[in-house]
Amino acid sequence: MDVYEKLRILTDAAKYDVACTSSGVDRTGSKGGIGSAQACGICHSFAADGRCISLLKVLMSNACVYDCKYCINRRSNDIKRTSFTPRELADLTIGFYRRNYIEGLFLSSGVLRNPDYTCEQLIETLSILRSEYQFRGYIHVKAIPGADDLLIQKLGLLADRMSVNIELPSKEGLSALAPDKSKKSILHPMGLITSGIRENTTDIIRYRHAPKFVPAGHSTQMIIGATPDNDLKILRLTQSLYRKYELKRVFFSAYIPMQSHALLPSLDTKPPLLREHRLYQADWLLRFYGFDADELLDDAHPNFNPILDPKCNWAINHMELFPVEVNRTSYEMLLRVPGIGVKSAKRIVSARRTGSLDFPDLKRIGVVLKRAQYFLTCKGRIAEGLRVTENGILRALISEKTGFSFSEHAESAVQLSLFSPDIPTREDVQQCLTGQI
């Protein structure tokens, strides 16, 4: 099999891994070297199936000794198998870079023979790129759970970012669908990478020219919808990973049914893309808005509202906190107002030092008043002409999100309320969209 046929097979097999990030490292080019990596990150373009094409996203091998039931590369699946040699993959990467096809490399692999052997193949590939070709561009590599600690450390000195996929949200799900893997084998290299990064940030001051260990940090991915785990469990795990392992990102991948199995959703099950989207929105709130997982969801309501995004849903269920006065409230509270983001909150705090703000000022700052006006006052007054009722806020937010006009269904619209203890179901959404409410 020639190298281009291998490339076709192994790039196609890599498209299911979404843990592909490319920022967080600042390394300029050097004399005699090739490429650079800047902190601003790589500008991505995407293929029709969602693949990033500014990074060469490829597997070292699609042969795997594991039999994870959700994976297309599992050993029991009857697919065409192939592997790159380290030399082939390194030459291919440099050839593509010189032709300006790519700006970096995202490298993963099935477990070929055993974790140590696979990790050695990855190290050899990256060593050729870094040492022989003097490639200083961006490289993201997947760590192989179960590989020796020294191999993980060596791999981390060659890569800009590493990731260890946690795969499934629960230990029970992992045991049922990926019996060859264990939670311990996944979390151990994650902890090892975290320790190496911490040492890097302290020792680098004393040893300025020492090689940097995973300078762009590390990330993980979990599959959503393959197991019955609810959103609360997923979000609590996400928060724990950020706090304990200091991850840069947690990626969520909606499960796409590819085979029939009693433990998996049926083949006609649609990927839970809306659920994936809500989890990403909640992830943003955890990382940048100061929210806690148990504020957004609880045991009584363990799944996200399909009608409203997590921030709007939290706000309308905590109306006792609103409205807030934009000229006096804290920065932390501003971040909790729907329609106000991190940048606009900082601009508000800066602008109100020189004078009081009104609603036109907020619009110029960048606040989305279609949402924020229901939760704010300016100089002690609500927006002119605005009638604030709980159901009115709800209808306005749903109309903005879905395009459904309640004015066309005025008589029955009053029947819908999100202020009961129950979060609306998917049937409620369908009724809204089809005019049944």
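For every chain, the first residue of the written sequence is number 1, and numbering continues from 1 onward in sequence order. Local features in this predicted model are restricted to residues of pLDDT 70 or higher, and side-chain atom pairs are both shown and tallied only at a pLDDT of 80 or more, whereas totals for entire chains, interfaces and linings draw on every residue. Calculated side-chain values reflect all of the structure's heavy atoms, with hydrogen atoms and water omitted.

**Brief notes about the environment of Met60**
Part 1: Helix and strand assignments come from DSSP, with helices taken as H or I runs of at least 4 residues and strands as E runs of at least 2, each series counted from the N terminus. Here Met60 lies in the loop between β1 (55-59) and α2 (86-98).
Part 2: Judged by its relative accessible area of 3%, Met60 is buried.
Part 3: In the structure, Met60 is positioned 58 residues away from Thr118 in sequence and 8.5 Å away in space, judged by C-alpha atoms.
Part 4: Any two residues whose heavy atoms approach within 4.5 Å at even a single point are treated as in contact. Residues within four places of Met60 in sequence aside, it is in contact with Leu10, Ser83, Phe84, Thr85, Pro86, Leu89, Leu107, Ser108, Ser109, Gln121, Leu122 and Thr125. For every residue, the accessible area (1.4 Å probe, protein chains only) is compared with the maximum for its type, and the residue is labelled buried under 20%, exposed over 50%, or partly exposed between those bounds.

**Focus on the packing of aromatic side chains**
Part 1: Under the pairing criterion, centres of Phe, Tyr and Trp rings, with the six-membered ring standing for Trp, must be within 6.5 Å; the plane angle then separates stacked pairs below 30 degrees from edge-to-face pairs above 60, leaving the rest tilted. In total, this model carries 7 aromatic pairs according to the counting rule given.
Part 2: For the pair Trp314 and Phe322, a centre-to-centre distance of 6.1 Å together with 85° between the ring planes defines the contact as edge-to-face.
Part 3: With a relative accessible area of 5%, Trp314 lands in the buried category.
Part 4: The class of Phe322 is buried, set by a relative accessible area of 8%.
Part 5: Across the ring face of Phe106, the terminal group of Lys57 is positioned such that the distance to the ring centre comes to 5.5 Å.
Part 6: The aromatic ring of Phe291 is capped on one face by Arg336, whose charged end is 4.2 Å from the ring centroid. Charge over a ring is defined by NZ of Lys or CZ of Arg lying within 6 Å of the ring centre and within 35 degrees of the ring normal.

**Notes on the nonpolar core**
Part 1: Put simply, buried Ala, Val, Leu, Ile, Met, Phe, Trp, Tyr and Cys residues joined by side-chain atoms within 4.5 Å make one nonpolar core. Within the largest apolar cluster, 116 residues are counted, with the highest numbers of intra-cluster contacts made by Leu241, Leu362 and Phe375.
Part 2: The element that contributes the greatest number of residues to this core is helix α7 (residues 231-245), accounting for 7 residues.

**Things to note about the environment of Ile128**
Part 1: Mapped onto the secondary structure, Ile128 falls in helix α3 (residues 115-132).
Part 2: Placed 42 residues apart in sequence, Ile128 and Pro86 show a C-alpha to C-alpha distance of 7.8 Å.
Part 3: Here Ile128 is in contact with Pro86, Arg87, Ala90 and Tyr133, once residues within four sequence places are set aside.

**Re the pattern of salt bridges**
Part 1: One side-chain nitrogen of Lys or Arg within 4 Å of one carboxyl oxygen of Asp or Glu is enough to make a salt bridge. Taken as a whole and assessed by the stated rule, the structure comprises 16 salt bridges.
Part 2: Of the charged contacts in the structure, one is a salt bridge between Arg75 and Asp180, with a shortest N-O distance of 3.4 Å. Residue Arg75 is located in the loop between β1 and α2, and its partner Asp180 is located in the loop between α5 (171-177) and α6 (183-206); the two are separated by 105 residues in the primary sequence.
Part 3: You can call Arg75 partly exposed: its relative accessible area is 47%.
Part 4: Between Arg336 and Glu295 there is a salt bridge, with the nearest N and O atoms lying 2.7 Å from each other.

**So, α7**
Part 1: A helix is expected to span 1.5 Å for every residue after the first. With 15 residues, α7 should cover 21 Å at 1.5 Å per step; its first-to-last C-alpha distance of 21 Å lies within 8% of that length.
Part 2: Any N or O atom pair separated by 3.5 Å or less is treated as a polar contact, with the protein-specific requirement of one donor-capable and one acceptor-capable atom, and with residues adjacent in sequence counted only for side-chain atom pairs. The opening residue of α7, the one whose side-chain oxygen lies 3.2 Å from the backbone nitrogen of Leu232, is Asn230.
Part 3: At the exit of α7 stands Glu246, carrying a positive phi of roughly 55°.

**What about helix α4 (residues 149-158)?**
Part 1: Taken residue by residue, α4 has Leu151, Ile152, Leu155, Gly156 and Leu158 as its buried positions. Within α4, the buried residues cover an arc of 160° as seen down the axis, which keeps them to one side.
Part 2: The opening residue of α4, the one whose side-chain oxygen lies 3.0 Å from the backbone nitrogen of Leu150, is Asp148. Each direction from the helix axis to a C-beta atom contributes to the arc, which is the arc of those directions.

**Observations regarding a positive patch on the surface**
Part 1: Only residues whose relative accessible area exceeds 30% and that form no salt bridge enter a patch; like-charged residues are grouped when within 9 Å of one another, and nonpolar side chains (Val, Leu, Ile, Met, Phe, Trp, Tyr) when within 5 Å. Only the protein chains shown count as covering a residue, and every accessible area follows the Shrake-Rupley method with a 1.4 Å probe. In this charge count, Lys and Arg are treated as positive and Asp and Glu as negative; neither His nor the chain ends contribute. To locate a charge, the coordinates of NZ of Lys, CZ of Arg, CG of Asp or CD of Glu are taken. Together, Lys171, Lys183, Lys233 and Lys244 line one region of the surface with positive charge.
Part 2: Along the chain, Lys171 falls in helix α5.
Part 3: The exposed category is assigned to Lys171, whose relative accessible area is 59%.

**Details of the side chain of Ser163**
Part 1: Take Ser163: it is sitting in strand β4 (residues 161-163).
Part 2: In terms of polar contacts, Ser163 uses its side chain to reach the side chain of His140, at 3.0 Å.

**Quick notes on the environment of Gln373**
Part 1: Along the chain, Gln373 turns up in the loop between α14 (369-372) and β8 (376-377).
Part 2: Measuring from C-alpha to C-alpha, the distance between Gln373 and Gly339 comes to 8.5 Å, with 34 residues separating the pair along the chain.
Part 3: When neighbours within four sequence positions are excluded, Gln373 is seen to be in contact with Phe359, Ala383 and Leu386.

**Observations concerning a nonpolar patch on the surface**
Part 1: On the surface, Tyr16, Ile256 and Met258 cluster together into a nonpolar patch covering about 230 Å² of accessible area.
Part 2: Mapped onto the elements of the fold, Ile256 is located in the loop between β6 (249-254) and α8 (273-288).
Part 3: On the basis of relative accessible area, Ile256 is assigned to the partly exposed category, the value being 41%.

**Describing the packing of α7 against α8**
Part 1: Running from amino to carboxyl end, α7 crosses α8 at an angle of 40°, the nearest separation of the two axes being 11 Å. Considering the relative orientation of α7 and α8, their crossing is right-handed. Packed against α7, whose contacting residues are Asp231, Ile234, Leu235, Thr238, Gln239 and Tyr242, the element α8 presents Arg275, Leu279, Ala282, Asp283, Leu286 and Arg287 at the interface.
Part 2: Residue composition of the contact of α7 with α8, by class: 6 nonpolar, 2 polar and 4 charged. Every axis in this analysis is a line fitted to C-alpha atoms, fitted for helices over the stretch in contact. Angles between the N-to-C directions lie between 0 and 180 degrees. Here is the rule for handedness: rotate from the far helix to the near one, and if that takes an anticlockwise turn smaller than a right angle the crossing is left-handed, while a clockwise turn gives right-handed. Put simply, Ala, Val, Leu, Ile, Met, Phe, Trp, Tyr, Cys and Pro go in the nonpolar bin, Asp, Glu, Lys and Arg in the charged bin, and everything else, Gly too, in the polar bin.

**Looking at the pairing of strand β5 (residues 218-224)**
In the case of a regular strand, side chains alternate between the two sheet surfaces.
Part 1: Burial of β5 is extensive: 7 of the 7 residues sit out of reach of the surface.
Part 2: Where burial is concerned, the two faces of β5 agree: the one with His218, Thr220, Met222 and Ile224 and the one with Ser219, Gln221 and Ile223 are both buried.
Part 3: Pairing between strands is defined by DSSP: at least two bridges between them are needed. In this structure, β4 lies alongside β5, joined through 2 bridges in parallel fashion. Bridging from a neighbouring strand, Met162 pairs with His218 of β5.
Part 4: One ladder, built from 6 bridges, connects β5 with β6; its direction is parallel. Paired with Met222 across the two strands is Phe252, which belongs to β6.
Part 5: For crossovers, right-handed means that the path from the first strand over the helix to the second runs clockwise, given strands pointing away from the viewer. The β-α-β motif built from β5, the intervening α7 and the parallel element β6 has right-handed crossover chirality.

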